Amino acid sequence: MTPNQPLSTSIAISNIWRRAHIKTALEYRRAGNREGKKLALLAALLEKMNSRELLGPAPF
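Every chain is numbered on its own, with residues counted from 1 as its sequence reads. The predicted origin of the model limits local features to residues at a pLDDT of at least 70 and limits the giving and counting of side-chain atom pairs to 80 or more, whereas totals for whole chains, interfaces and linings rest on all residues. Hydrogens are left out, water is left out, and the side-chain values use all remaining heavy atoms of the structure.

1. As for the environment of Met49
Tracing the chain through its elements places Met49 in helix H2 (residues 34–54). For the exposure calls, accessible area comes from a 1.4 Å probe over protein chains only, and a residue counts as buried if that area is under 20% of its type's maximum, exposed if over 50%, partly exposed in between. Assessed through its relative accessible area of 44%, Met49 is described here as partly exposed. It is 22 Å that separates the C-alpha atoms of Met49 and Tyr28, two residues lying 21 residues apart in sequence. Helix and strand assignments follow DSSP, with helices taken as H or I runs no shorter than four residues and strands as E runs no shorter than two, numbered in order from the N terminus.

2. Some points on H2
Taking 1.5 Å per residue as the helical rise, H2 with its 21 residues ought to reach 30 Å, and the 29 Å between its terminal C-alpha atoms agrees with that figure. Within H2 the residues assigned to the buried category are Gly36, Ala40, Ala43, Ala44, Glu47, Asn50 and Ser51. Taken around the axis of H2, the buried residues stretch over an arc of 115 degrees, which confines them to a single face. Seen from the open side of H2, the exposed residues pointing more than 90 degrees away from its buried face are Arg34, Lys38, Arg52 and Glu53. We call two residues in contact when some of their heavy atoms are within 4.5 Å. Of the surrounding secondary structure, the elements contacted by the buried residues of H2 are helix H1 (11–31). Here the expected length of a helix is defined as 1.5 Å per residue gap, with one fewer gap than residues. The arc in question is traced by the directions running from the helix axis to the C-beta atoms.

Following this line, the structure appears as structure tokens:
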């Protein structure tokens, strides 16, 4: 995820992007790139929050 990439607009796409970010983090981990791994995991966390809080059903 680049800094200017917007969050997804549907739950299914958000889940796909989250899995992609996690796979990217694993690749960075194998390569020994800590900063890349950290950014990819942060992007996965943001997509998870997006699908739960912004795109999912109302929590109330």
